[in-house]
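The residues making up each chain are set out below.
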Amino acid sequence: MINQKKAVIIGAGVGGIATAVFLAQKGFAVEVYEKNANAGGRCGQMIQDGHRFDLGATILLMPSLYRRVFSALGLNLENELETSSLEPVYKLFFDDGKDFAFTRDREKMKSQIEAIEPGSFEQYNRYVKEGYEFFELSMDGLLDKNFYHLFQFMNLKSICLLIKLKTWMKHTRYVRGFFKDPHLRMAFTFQNIYVGQNPYTQPAFFSMLPSAEIVEGALFPKGGMHRIVEKLVSTATELGVQFRFKKPVVQIVANGSKTEGVLLEDGTMIRADMVIANADLPYVYKQLLPGKRAGSHFKGRKYSCSAIVFHWGMDKVYPQLDHHSIFLNEPFKQGFDKIFKEKSLSDHPSFYIHAPARTDLSAAPEGQDTLSVIVPVAHIDDRYEQDWQKLKQTAREGVICRLKEAGMDDIEEHIKFEVCYSPKTWESYCNVTNGSVFGSLNHTIFQMGYFRPHNRHRKYKNLYFAGGSTHPGNGIPLVLLSAKLTSERILKDRHPTL
């Protein structure tokens, strides 16, 4: 194509691949350079001895956002992915032996909630209604839009929005206005961990997470969450996007106020009209951009927590476990304090287990099981003494002990193999700063909207960013939105009248 502009994308994560599709559809020649052998990044996949594991996200939440972005890509979510609706969304296990199905069935939910706290079902309805209103308000006024200058964010309309979203109130304080029972309070606040947050310190509008689960439901694609990556890659390839795997980028080459391309580890210079970095943004500034001051750009930023993940190939199926099983342990607040204040881990950690074969039998050999045990833990912080081998052992012993208490006495005997991912793994495998696997930069009120790192570099006008550490934020739904918003910004910059 005459005068076809070339875009180079660093990283084949969900955000990078989706951006590649958007740009290819608009006539750009797109090349994607990825350090690893496969696409997906933190939405990767591992298959061993017939057991299939999702390495990152294990559930398709907020399907309306997937539909929104897929539609913008010219795709229909239901046509492209074979999904199952999870019912219940997950099952909660408390350490006093009680359990709770997080169900969308109103009668079942009413029966459970009224049994725990009589008269609280109406409060539950109000919580879900308000939380989903937060979701809709934040999508329209905060998350699904680019902020090109400060006064698009700091104006009366936006200030009123932030007040409506109760950004001034902590989530755990907010939930106390609905439920008295500690189990219910835990059941409707632990979801902050999806984006690596502490519900005791983050705003009330994150009640949109459990509320969206109830209103929209949660899906699971046949073949696992990596099917999203595979679909985006196939779409990009059909549009002519070139993927270059095992090609680490070591430098973004800049000249004046523009980038000229990227330098690969093997010394090859790849020239481009624009560069889009899908790599973790603090890593990009510290390792890929020129200048001593670049790395200091993210000093003082708040980072999300991480996780120690055990992938177990099992030779036995435990029917006690649902597709997702959440084990919440008391003291609940102290568990979060251990992670976020002490940068460590409780001896009795809360955790959740993903058992995909409950919904998709292809995830494990017949009569066997595939389990991923996700234990939230502190991110890497050099200011603290963190013995990751010891923390791994603490996490494993805590999980095994808790599962035995839940009636799975012989579970350790039936682990065929174990693969463990720690914050150090995420830091190495995905170049994620501090190993913060949920998305490096946290969602504090001063790290959202206009205050979150922008998706275009201030100095280098043809350097853009897509992914969880730029606007709008962490998690696959928001990463997909990031690709959409970054692509819109690129097109606007090239055609200012758009």
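Relevant structure appears above.
Since the model is a prediction, treat every value here as computed from it, not as a measurement. (Residues numbered from 1 in each chain as written. Predicted model: local features only at pLDDT ≥ 70, side-chain atom pairs only at ≥ 80, totals over all residues. Heavy atoms only, no water.)

Draft legend 1. Highlighting the sheet that holds strand 18 (residues 415-421). The seven strands lie next to each other as 7-6-15-16-17-14-18, forming an open sheet whose pairing is mixed. Whereas interior strands pair on both sides, the edge strands pair on one side only; in this sheet they are strand 7 (99-102) and strand 18. Put simply, the sheet's adjacent strands are angled 20° from each other on average, direction ignored. Pairing analysis gives nine bridges linking strand 14 (residues 306-314) to strand 17 (residues 369-377), with the strands arranged antiparallel. Bridging across to strand 17, F310 finds its partner in V373. (Pairing = 2+ DSSP bridges. Helix = DSSP H or I, 4+ residues; strand = E, 2+ residues; numbered from the N terminus. Axes fitted to C-alpha atoms, helices over the stretch in contact; angles between N-to-C directions.)

Draft legend 2. Focus on the nonpolar core. Ranked by internal contacts, the top residues of the largest apolar core, which has 115 residues, are I17, V30, L92, F100, Y124, F188 and I276. When residues of this core are assigned to their parent elements, the largest contribution, ten residues, is made by helix 5 (residues 121-143). For Y124, the contacting residues outside a window of four places in its chain are T103, M109, I113, F179, F188 and I214. (Core = buried A, V, L, I, M, F, W, Y, C linked by side-chain atoms within 4.5 Å. Buried < 20%, exposed > 50% of the residue type's maximum accessible area, 1.4 Å probe, protein only. Contact = heavy atoms within 4.5 Å.)

Draft legend 3. Representation of a nonpolar patch on the surface. Together, L150, F151, M154, I159, I163 and W168 line one region of the surface with nonpolar side chains, adding up to about 600 Å² of accessible area. In this structure, W168 sits in the loop between helix 6 (156-164) and helix 7 (171-175). (Patch = residues over 30% accessible without salt bridge, like charges linked within 9 Å, V, L, I, M, F, W, Y side chains within 5 Å. Areas by Shrake-Rupley, 256 points an atom, 1.4 Å probe, with all protein chains shown as cover. Salt bridge = Lys/Arg side-chain N within 4 Å of Asp/Glu carboxyl O.)

Draft legend 4. Region of the structure containing unusual backbone geometry. That bond from E330 to P331 is cis: its omega, -5°, falls within 30 degrees of zero. As for its position among the elements, P331 is in the loop between strand 15 (324-328) and helix 12 (332-340). Between H471 and P472 the backbone carries a cis peptide bond, its omega angle lying at 10°. Examined against the element boundaries, P472 turns out to sit in the loop between strand 19 (463-465) and helix 15 (476-494). At N434, a residue that is not glycine, the phi angle is positive and equals roughly 60°.

Draft legend 5. Summary view of the side chain of N474. Topologically, N474 is positioned in the loop between strand 19 and helix 15. Within the structure, the side chain of N474 is placed 3.4 Å from the backbone oxygen of G439, a separation counted as a polar contact. In this structure the side chain of N474 is engaged in a polar contact, spanning 2.9 Å, whose partner is the backbone oxygen of L441. When near neighbours in sequence (up to four residues on either side) are disregarded, N474 contacts V195, F438, G439, S440, L441, H443, R452, G468 and S469. (Polar contact = N/O pair within 3.5 Å; in protein donor to acceptor, adjacent residues only side chain to side chain.)

Draft legend 6. How the structure looks around the pattern of salt bridges. The final tally for this structure, using the stated rule, is 22 salt bridges. In this structure, K6 engages E31 in a salt bridge whose closest nitrogen and oxygen atoms are separated by 3.5 Å. Of this pair, K6 sits in strand 1 (residues 6-10) while E31 is found in strand 2 (residues 29-34), placing the two residues 25 residues apart along the sequence. When its relative accessible area of 22% is taken as the criterion, K6 is described as partly exposed. Notably, a salt bridge pairs K231 with E80, separated by 2.7 Å at the nearest N-O pair. In this pair, K231 sits in helix 10 (residues 226-238) while E80 sits in helix 3 (residues 77-80), placing the two residues 151 residues apart along the sequence. On the accessibility criterion, K231 (16% relative accessible area) is buried. On the accessibility criterion, E80 (22% relative accessible area) is partly exposed.

Draft legend 7. Representation of helix 4 (residues 106-116) within the structure. When we look at burial in helix 4, the residues that qualify are M109, Q112 and I113. Viewed end-on, helix 4 has its buried residues packed into an arc of 90°, placing them on one side of the element. Of the exposed residues in helix 4, those oriented more than 90 degrees away from the buried face are E107, S111 and A115. Structurally, helix 4 contributes buried residues whose contacts are with strand 7, helix 5, helix 8 (182-187) and helix 9 (208-216). At the N-terminal boundary of helix 4, the capping side chain belongs to D105, with an oxygen 3.1 Å from the backbone nitrogen of E107. (Arc of directions from axis to C-beta.)

Draft legend 8. Representation of the environment of I270 in the model. Note on placement: I270 falls in strand 12 (residues 269-271). As a C-alpha pair, I270 and I252 span 18 residues in sequence and 9.7 Å in three-dimensional space.

Draft legend 9. Region of the structure containing the packing of aromatic side chains. This model, assessed by the stated rule, comprises 30 aromatic pairs. Judged by centre distance (6.1 Å) and plane angle (50°), the ring pair of Y127 and F179 falls under tilted. Here Y127 is found in helix 5, whereas its partner F179 is found in the loop between helix 7 and helix 8, with 52 residues between them in sequence. On the accessibility criterion, Y127 (0% relative accessible area) is buried. Since its relative accessible area comes to 0%, F179 is described here as buried. (Phe/Tyr/Trp six-rings, centres within 6.5 Å; stacked < 30°, edge-to-face > 60°.)

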